[in-house]
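Remarks on the overall topology
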Amino acid sequence: MRLGADIGGTFTDIVLVDDETGLFRLGKVLTTPDQPDNGVINGIKQVINGDAGQVSHVVHGTTLFTNALIERKGALTALVTTRGFRDAVEIAREHRYDMYDLRLRRPAPIARRRHRFEIAERILSDGTIRQAPDEDDITRIAEEMRRIGIEAVAVSLINAYVCPDHERVVGRILREKLPGVAITLSSDISPEIREFERSTTALCNVYVKSIAEKYLTRLEARTREELSDAAGLYVMQSNGGLLTASQAIEAPIRLVESGPAAGALAAAHYAKSLGISDVLSFDMGGTTAKACLIVDGEPLLAPEFEVDRQYQFKKGSGLPVKVPVIEMIEIGTGGGSIAQIDALGRLKVGPHSAGSVPGPACYGAGGERPTVTDADLLLGYLNAGFFLGGDMKLDKTAAERAINDQVGASLDLDTIAAAWGIHQLANEAMASAARIHAIERGRTISQFPMFAFGGAGPVHAYGVARVLKLPKIIYPFGAGVMSAVGFLTAPLAFDFVRSSPARLEQLDWGAVNRSLKEMEEEGRSRLAHSMGDREVSFRRWADMRYRKQGFDIRVPIPAGKLGPDSIAEITASFERVYTELYGHTVPNTPIDVMSWRVVASGPKPDFKLPVNTSKSDGPLKGSRKIYVPDAGLIDVPVYDRYRLGAGDRLQGPAIIEERESTVVINGPGEISVDQNRNLIVDLEVAR
């Protein structure tokens, strides 16, 4: 048996599967933000049902480290860098991400200026050592750090990506002089060109390292106590691969987008089972919504992302982190997103969220602000007595009071009109963000079916898909806990990078092959404890660009030994990717290779979707009034998803309820049920 556990901003989701027997149990509990592992343990207790000793491992994802970076609740952190580069992390890219904003905000560097120390050392861009560091100088810096109580240190020296020797000297002395202080070398966590990005990555990693060590050590001990000593803990990375808990402690920055990454993997896995290669993954939870394009059966990957964005949709307003991540757009709209009237008298939804504490007004836990969930309840989309299968009752009166007082009264709207405005504004915001995400990647979003999940995703997917004119929607069984399911589809994996900028036609192919071989050998070594040599597979990419361009694109490159005869194939691959993104190439322009990448991974788990061979068993639960555009409040049938059988066909408008989520079809659509209990809604009839 395997168990997946996903901590979200509002709920913690648990999935227990047995690949041999087909067992598939789901759990959902409120997140416990003060001590997140409590929520995981509560969820495990909910699903385990006497099978504790049979669980072989637990796969986990969490937003804990993201929150620590955003809320600045990490360690007191220092930076050691080359003399003259103390302010590189503050100067950043010297770029105004919004040139017309006179009150432009930037995230403050993780290390304050008085905690940034310089040493006299120099390595040239070709790896030549011009000046070695003075060990006495490093010792003096360590003593100063001890005096002021520094708890974590990032070391980022100029050109350390090409020669890490000086960083290793600094790291060795700091570990000797500062026992118990967390240390991260930039050449270990991100051996890539560009000192600003490399420095911020090292700083972000070491800033949350002690949090990761305490949390993952405690969680591993508690899960073994709850399950068995044999139950190992694995953690999802932002790139969709798994790490052991001990490996994750060393590189917690790789876990920042772990939950959303798992959702994209689940979408890809389910789409493949249906014979669909391209799909839009739409994940809406209690706090945020995420959209991700799955192309040719795989989520798109990006070499970096940003944390602590000052403006959610403005690239450049956050701290860049140079680790691979499944590429998605995060939308500040979830079930708990707060609706309010802005200074201009306009209705806004999000990005602020009520979270799990106090939560939406209808939770009855002290929340007084109107949220998307409150609106959905008043529109009839949620059953006040069947939220979380009836374990949690919703207070309709509190929701009505919050929306009337804080939205309806200001806009002179009745309760239903105000609730519909909140619901539809959330849909439009999510549709707009998903469309932009697709356009930026050279894709036409109207050609993508939607895979909808998350606790609130099935409530809003129909409305979002109608705005985007998508052909169909797939609602998986257990949609409310699908990110946790995604954990169980992921392989163990490690990614490696080496920067060595050069013109493609002038590459030192011997050096290139040595770098690729070193990365593959390191991948084998890290995976050796879990699998045999033959089970490890490798994928290669190069970061490439036209000469004098400022940004790279990620290009797949062939396996085997590379040489001058590989140039034509690599060029063709570069031009194909470039054309997909920008619609053209630039003839007669030299091509530069900036970095080489290798991903080493084990085999994907053989996760089989649960099969439902039962016939329809009286699935109609009754009916209730819901809001349907252009029709108002009308009675629609309500179905019990657990009683639907393979081959059943329904017509929208309709409501289909399961414990963790509710599918809302508030308009026309043909609904069919397949053998894996997926609901598939054909939207062609809705046009």
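Structure shown above.
Reading guide: rules and limits
Residues numbered from 1 in each chain as written. Predicted model: local features only at pLDDT ≥ 70, side-chain atom pairs only at ≥ 80, totals over all residues. Heavy atoms only, no water. Helix = DSSP H or I, 4+ residues; strand = E, 2+ residues; numbered from the N terminus. Rg over C-alpha atoms; globule rule 2.2 N^0.38 Å. Buried < 20%, exposed > 50% of the residue type's maximum accessible area, 1.4 Å probe, protein only. Pairing = 2+ DSSP bridges. Axes fitted to C-alpha atoms, helices over the stretch in contact; angles between N-to-C directions. Contact = heavy atoms within 4.5 Å. Polar contact = N/O pair within 3.5 Å; in protein donor to acceptor, adjacent residues only side chain to side chain. Salt bridge = Lys/Arg side-chain N within 4 Å of Asp/Glu carboxyl O. Phe/Tyr/Trp six-rings, centres within 6.5 Å; stacked < 30°, edge-to-face > 60°. Lys NZ or Arg CZ within 6 Å of the ring centre and 35° of its normal.

Concerning the overall build of the protein
Scanning the protein for helices and strands turns up 17 helices and 35 strands. Its C-alpha radius of gyration of 26 Å places the protein within 12% of the 26 Å reference for a compact globule of 687 residues. Taken along the three principal axes of its C-alpha coordinates, the protein extends 80 × 55 × 55 Å. The buried share of the protein, taken over its 687 residues, is 59%.

With respect to the sheet that holds strand S33 (residues 662–665)
Strand order in this open sheet of four strands is S29-S30-S32-S33, and the pairing throughout is mixed. Taken across any chain shown, the strands that pair with only one partner, and hence form the sheet edges, are strand S29 (620–628) and S33. When strand polarity is set aside, the average angle formed by the axes of neighbouring strands in this sheet is 25°. Pairing of strand S32 (residues 654–657) with S33, which is carried by four bridges, proceeds in the antiparallel orientation. Its bridge partner being in S33, Ala-654 is matched across the sheet by Ile-665.

So, the environment of Gln-247
Its place among the elements puts Gln-247 in helix H9 (residues 245–250). As a C-alpha pair, Gln-247 and Val-235 span twelve residues in sequence and 9.0 Å in three-dimensional space. The contact partners of Gln-247, leaving out residues within four places of it in the chain, are Phe-494, Arg-526 and His-529. Side-chain polar atoms of Gln-247 contact the backbone nitrogen of Thr-244, separated by 3.0 Å.

Re the side chain of Thr-571
With respect to the helices, strands and loops of the structure, Thr-571 is situated in helix H17 (residues 567–582). If near-sequence neighbours (up to four positions away) are discounted, Thr-571 is found in contact with Leu-504 and Ile-591.

Some points on the sheet that holds strand S6 (residues 116–119)
The strand order across the open sheet formed by four strands is S6-S5-S9-S10, and the pairing between neighbours is parallel. Edge positions in the open sheet fall to S6 and strand S10 (182–185), since each of these has one partner strand only. Averaged over neighbouring strand pairs, the angle between their axes works out to 20° when direction is ignored. Note that strand S5 (residues 77–82) and strand S9 (residues 152–156) share five bridges and pair parallel. By the bridge assignment, Thr-77 is partnered in S9 with Ala-152. Each of S5, S6 and S9 touches helix H4 (residues 135–148); the most contacted strand, S6, lies at about 170° to it.

Here's the deal with the pattern of salt bridges
Evaluated as defined, the whole model comprises 41 salt bridges. In this structure, Asp-495 engages Arg-254 in a salt bridge whose closest nitrogen and oxygen atoms are separated by 2.7 Å. Here Arg-254 lies in the loop between H9 and helix H10 (258–273) and Asp-495 lies in strand S25 (residues 493–503), a separation of 241 residues in the sequence. When its relative accessible area of 11% is taken as the criterion, Asp-495 is described as buried. For Arg-526, the salt bridge is made with Glu-522, and the minimal N-O distance between the two is 3.3 Å. Linking Arg-526 with Glu-522, this pair stays in helix H16 (residues 509–527), spanning four residues, or about one helical turn. The exposure class assigned to Arg-526 is partly exposed, which follows from its relative accessible area of 36%. Look at Glu-522 and you get partly exposed, because its relative accessible area is 27%.

Regarding the side chain of Glu-658
Among the structural elements, Glu-658 can be located in the loop between S32 and S33. By relative accessible area, Glu-658 is classed as buried at 2%. Discounting chain neighbours no more than four positions away, the residues touching Glu-658 are Phe-386, Pro-476, Phe-477, Gly-478, Ala-479, Arg-641 and Tyr-642.

A closer look at the packing of aromatic side chains
Taken as a whole and judged by the stated rule, the model has eleven aromatic pairs. Between Tyr-270 and Phe-451 the ring centres are 5.4 Å apart and the planes differ by 50°, which places this aromatic pair in the tilted class. Taken together, the residues Tyr-270 in helix H10 and Phe-451 in strand S23 (residues 450–453) connect sequence positions 181 residues apart. Accessibility expressed as a relative area gives 3% for Tyr-270, which makes it buried. Look at Tyr-363 and Phe-387: their rings are 5.9 Å apart centre to centre, the planes differ by 50°, and that puts the pair in the tilted class. A residue pair is termed long-range when its members are at least 10 positions apart, and Tyr-363 in the loop between strand S22 (347–353) and helix H11 (372–378) and Phe-387 in the loop between H11 and helix H12 (396–411) qualify at 24 residues. We note that Tyr-363, like Phe-387, is buried. Here a set of aromatic residues connected by ring pairs shows up, and it is made of Tyr-546, Phe-574, Tyr-578 and Tyr-582. If you follow Arg-554 out to its NZ or CZ, it ends over the ring of Trp-541, 3.8 Å from the centre. For the cation-ring pair, Arg-677 lies above Phe-477, with the distance from its terminal atom to the ring centre recorded as 4.7 Å.

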